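The chain contents come next:
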Amino acid sequence: MSLGGVAMAQSTTGSIFGQAPAAAGETVSATNSSGLTREVAVDSSGRFQISNVPVGVYTVSLKKDGAVVDTRKVSLAPNAGTVVTFSAETTSLSAVTVSANALPSIDVSSVSSSTVITAADLRKLPISRDAESIALLAPGTVKGSGFFPNAVAFGGSSVSENAYYVNGYNTGEPYKNLGGFALPYGAIDQQETLTGGYSAKYGRSDGGVINQIGKRGTNEWHFGAQAVWQPRFLEGTPVNNRYGNPAIPADVANPASPDGFTHYQLEDPAKPGTLNQYRNDNKEWETTYSAYLGGPLIQDKLFMFLAAETTKTQTNNVESAVNQKVQYNRDKHTKFYGKLDWNITDSNILELTALNNQKSTGAGSTYAFDNDTLKSGAYINKNDITKDNAQFYLGHFTSYITDAATLSILYGKAHFQDPVVYGNQSPLPFISRPYNQNTAYLPPGTGPNGIVNAQGNTTWTSPKASNSTHGLRVDFDYKLGDHDLAVGIDNMSYGAKNQGPDNQNPFNPALNYYWRYFPTYVQKRTVGWATSMTMTQKAYYLQDDWQVSSNVLLNIGVRNDHFTNYNDLGKAFVDEKNQWEPRIGASWDVNGDSSFKIYGNVGRYYLALPDNAAERAANRSTYLTQRFSYTGIDANGVPTGLTALGPVTSPDGEFGLPKDPQQVTARNLKPEYVDEFIAGFDKKLNDSWTYGAKAMWRDLKTAIDDECSPGQIATKMTSMGLDPGLYGDSLYGASYCRLINPGLTNNMLVKTDDGSSSVLVPMTQKDWGYINGVRRKIGSLNMYLEHPFDGKWMARLDYTWSRGFGNTEGQVRSDFGQGDVSKTEDWDSWQLMDGQDGELANVRKHQIRFRGAYQITPEWLVSGTLLAQSGTPKECLGYYGPTGVGDPTGYNNGGSGNYHWCHGVRIPSGKAGHTPWTELVNLGVHYAPAFADHKLGFNLDVINALNQQRPIQTDAAGESAYDGVSTVYVNNSYGDGIYWQPPRTVRLSVQYDY
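Residues numbered from 1 in each chain as written. Predicted model: local features only at pLDDT ≥ 70, side-chain atom pairs only at ≥ 80, totals over all residues. Heavy atoms only, no water.

Asks: An account of the packing of aromatic side chains is needed here, citing residue identities and associated values.
Replies: Overall, the coordinates contain 35 aromatic pairs when judged by the stated rule. Between the aromatic rings of F48 and F86, the centroid separation amounts to 6.1 Å while the plane-to-plane angle is 40 degrees, which identifies the pairing as tilted. In this pair, F48 sits in strand β4 (residues 47–54) while F86 sits in the loop between β7 (81–85) and β8 (98–100), placing the two residues 38 residues apart along the sequence. Each member of the pair, F48 together with F86, is buried. Between F430 and Y514, the ring centres sit 6.2 Å apart and the planes meet at 70 degrees, which makes this aromatic pair edge-to-face. Linking F430 in the loop between β28 (420–421) and β29 (431–432) with Y514 in strand β32 (residues 514–517), this pair joins segments that are 84 residues apart in sequence. The buried category is assigned to F430, whose relative accessible area is 17%. Members of the aromatic cluster, connected to one another through ring pairs, are Y169, F181, F392 and F416. If you follow K215 out to its NZ or CZ, it ends over the ring of Y292, 5.6 Å from the centre. (Phe/Tyr/Trp six-rings, centres within 6.5 Å; stacked < 30°, edge-to-face > 60°. Helix = DSSP H or I, 4+ residues; strand = E, 2+ residues; numbered from the N terminus. Buried < 20%, exposed > 50% of the residue type's maximum accessible area, 1.4 Å probe, protein only. Lys NZ or Arg CZ within 6 Å of the ring centre and 35° of its normal.)

Asks: Any chance you could break down helix α3 (residues 710–719) for me, citing the residues and the numbers?
Replies: Residues of α3 that are buried include every one of P710, I713, A714, K716 and M717, and no others. One side of α3 holds all its buried residues, which, seen down the axis, span an arc of 165 degrees. For α3, the exposed residues lying more than 90 degrees away from the buried face are T715 and S719. Of the surrounding elements, those touching the buried residues of α3 are β44 (705–707), α4 (728–732), β45 (738–740), β46 (746–751), β47 (758–763) and α5 (765–768). (Arc of directions from axis to C-beta. Contact = heavy atoms within 4.5 Å.)

Asks: Summarise the state of the cysteines; cite the residues concerned and give the values.
Replies: Where two cysteines share a covalent bond between their sulfur atoms, that bond is called a disulfide. Evaluation of the coordinates by the stated rule reveals two disulfides. Between the sulfur atoms of C708 and its disulfide mate C737 the distance is 1.9 Å. Its torsion about the S-S bond being 115 degrees, the disulfide of C708 and C737 is classed as right-handed. Taken as a pair, C708 in the loop between β44 and α3 and C737 in the loop between α4 and β45 lie far apart in primary sequence, 29 residues in all. Sulfur-sulfur distance for the disulfide between C876 and C902 comes to 2.0 Å. Residues C876 and C902 share a disulfide whose torsion about the S-S bond is about -80 degrees; that sign makes it left-handed. Taken together, the residues span a long stretch of sequence, with C876 in the loop between β52 (860–869) and β53 (901–902) and C902 in strand β53 at a distance of 26 residues. C876 sits in the buried class, given a relative accessible area of 3%. (Disulfide = S-S within 2.5 Å.)

Asks: Go over the environment of V648 with me, naming the residues and quoting the values.
Replies: Here V648 shows up in the loop between β41 (643–644) and β42 (672–684). With a relative accessible area of 43%, V648 lands in the partly exposed category. Separated by 174 residues in sequence, V648 and S822 have C-alpha atoms that sit 27 Å apart. In this structure, V648 is in contact with L624, T625, Q626 and F655, ignoring residues within four places of it in sequence.

Asks: I'd love a proper account of the sheet that holds strand β18 (residues 252–253), names of residues and values included.
Replies: Here four strands make up an open sheet; going across it, the order is β18-β19-β59-β58 and the pairing mixed. Since the sheet does not close on itself, it has two edges, and those belong to β18 and β58 (959–962), each with one partner. Where strand β19 (residues 261–266) and strand β59 (residues 967–970) come together, four bridges link them in parallel fashion. Bridge pairing in β59 links H263 to T967. (Pairing = 2+ DSSP bridges.)

Asks: How would you sum up the sheet that holds strand β1 (residues 13–19)? Please name residues and give values.
Replies: Pairing is mixed in the open sheet, where three strands are placed in the order β4-β1-β7. The open sheet has two edge strands, β4 and β7, and neither has a second partner. When strand polarity is set aside, the average angle formed by the axes of neighbouring strands in this sheet is 20 degrees. The sheet contact formed by β1 and β4 spans six bridges and is antiparallel. Among the inter-strand pairings, G18 is bridged to a residue of β4, identified as F48. (Axes fitted to C-alpha atoms, helices over the stretch in contact; angles between N-to-C directions.)

Asks: Residue-level account of unusual backbone geometry, with values.
Replies: A positive phi angle, close to 65 degrees, is found at D300, a residue other than glycine. Tracing the backbone through its elements, the reader meets D300 in the loop between β21 (284–298) and β22 (302–318). With a phi close to 50 degrees, N578 is a non-glycine residue in the positive phi region.

Asks: I'd like a rundown of the nonpolar core, residues and numbers included.
Replies: By size, the foremost hydrophobic cluster in this structure holds 34 residues, and its most contacted members are F573, I713, M717 and V750. Those elements giving two or more residues to this core turn out to be β36 (572–589), α3, β45, β46 and β47. Formed by 26 residues, the second largest nonpolar core is a distinct cluster that contains V166, A187, L355 and A390. (Core = buried A, V, L, I, M, F, W, Y, C linked by side-chain atoms within 4.5 Å.)

The quantities given are spatial measurements derived from coordinates; they are silent on function.
Structure (structure tokens):
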């Protein structure tokens, strides 16, 4: 049997293929509910294929001399083909039938790894109402660190390495690519979650893809509405966070110490067992209202679909005890989706899409909180309100020029505003770590957490902060014999304005700093780098889906990407051309009847730097610190009687000076890319069940991060016979940190102080002092058993075993929430990388997934999901080296440790243990009464029915301070939870669909 063409990833189309009795005059037509009809001839061997048609439900008919002799109804999914088989008994008009294909079907036309969840599935399954929760149903996905809310990691990659699409357009968050924008929940027709193996038509992701397709109007009018209520009184009580009692390590030898040893003591011996954060009252309650309307404006020609959704959330947030505050928040999230479909002719269709996403977070007030009485106190100020407003406008034209030729043109643009409205207008500086204030200077009766003030910000966001995107892709597909050939372009442009933190208080222009207390001194910190930048991503591809034989398909393609990043002056600082990405996939329909498929693919996937790469790396940035002694503390927590203990310093040389775009990156910089290998099979167990397995291996070959080791460059220059002193400003000034490919030889441009000459310094891995180059290797094996929904019940069970190891998570750091994309602390110095090789943050060794639903009667349905996962690797970050007090890069700066050493011992990720297993069980009960023709529905969903609240991330900072003589302080919070499973929530809803 013919396998048909491999459908495209991130696609809005699918294909229908199959076998019919070979007879002269036979054709197969497919018609959807919007009147679109495609008809093709059956070839001499009985094969037929209808490609590149919009997803949805189709009536597929076999015709003999124009008369229908057999009919099937099938549903098309994106990036997939649906097989239809007509038997020899249907060649006469007397044999006309209407039926569905037998379940389950195996898509032998696809080599990608994807999970498709339809609107019908979403109505049954009890999951949280967002794209990421749907994505977590796919094997190999894990929820990202709590530092990156609602982010998902695919196949062990970092959370910034994914792509989001809506109706074919990239809707990823445009600045850092952390997350993306999605449809109103009720407007989702299908969501495809791709975890690997997609064709050369698409790229710019080496993690995974969330591809949503919105609903469209049909020849029948439909409308509906839903109200969802998640009440506070049915929510489980969040667990309190109490200080643990970390072990005090033995002294270690330190020749520089007065007595020859480094001694350890707890930062505050009185804290173990006391309250770190009172979380019992940190509950929320939520209501969502949604509605939709769709139908024909002109029968068979013009269709509309509109959907809107508004969610209002109220939360309490008692902050950590040291902040001594409680916030009462009101959030509002509104989404709008509109779509027009115009069948201009039988061969030309136009789709127009508008998407608006508005989110307002934080409205409300802040009050003082007494951690002794556990009561709120005096009013402090209004909360800061974060506003996000995103608008997308898309146009998609498809022309079926002939039965063999299809042209697709998609153009889109988007605009994003993300200002902050500051309710907190305090002119005072922020007070960090007030618990370290010298008690001799505090008034009697001051609590153990010291004195704070109303200020809640260390930096501010510009009210003019915005982003924009626009993109064009053109695809031309032509069938030539056994070859389905495709060629196209895929271009995107990004712009960012006034992004990043500003260090100047808008309510006190003279204030651009905050105070951080340490056990023996206070530190003044000035941090900020609000700036603008642009980026372009261009690509072209060639693709051949070659039907080698009746049951073997080869998917052969190559893609070429070109990435360019510009600084705030419009000067390119990254220009990566000719990134060739071969992709080869194969599918073998073993029995020739779509009952047993063996498949595999290999591919290379490049990842562009987001706009955020210019922030701190290529544009002006400020990060200044200075230590002081003090003789008093005023009523606002501000130190008085200051005496400087040293000059103003910057950990990374960020003194607010302009940077040379030629010097901030290696001149031979290459983009990040991953090589991926997949092999698997799918097989029918019987007419009701399928099972299968898939093995995947991902190898990160190149990454981009910044180094901050000018001394290493100076040493190499000396070995080359150059005088580093002539290049001092270039080495130690504005370009202190530079983007490189760790592990490769990087050609660094260095200019003389007077700018009269320059030199390229080739820095090898050995020159930087790195023990290893980039390492991130991840292997996994997934096994599944599935019973598709047959009108009565459905079930799927997955077990995934994964193993990941290396010295880089990816573009971000999950252990302490560093979101400076490709500018993390990794690789800043060889000492920071010493001990980095270990387990990876986004890999869970064991994962068990289950989803299922049972239709008890036509009125009653029950459903459930399970996600059980082993824990995340723990870390212990501290001072460097066996003496336990080293700080060769100055990153500790008297504060929390940053090195993969603790208490004089090297501790790679995972050596300190793991967080516990978690088991998330969701349950649902749905009632659709017959008296309302099953159009009225009442639903009860329980999320985290077991109310399990285990820690999913712990504090990695093992050491918090060093007195500069002989004592290192152990962090009171080390090993304590910082993020937990959310408590049980109950969701009640009522809906009506007509």
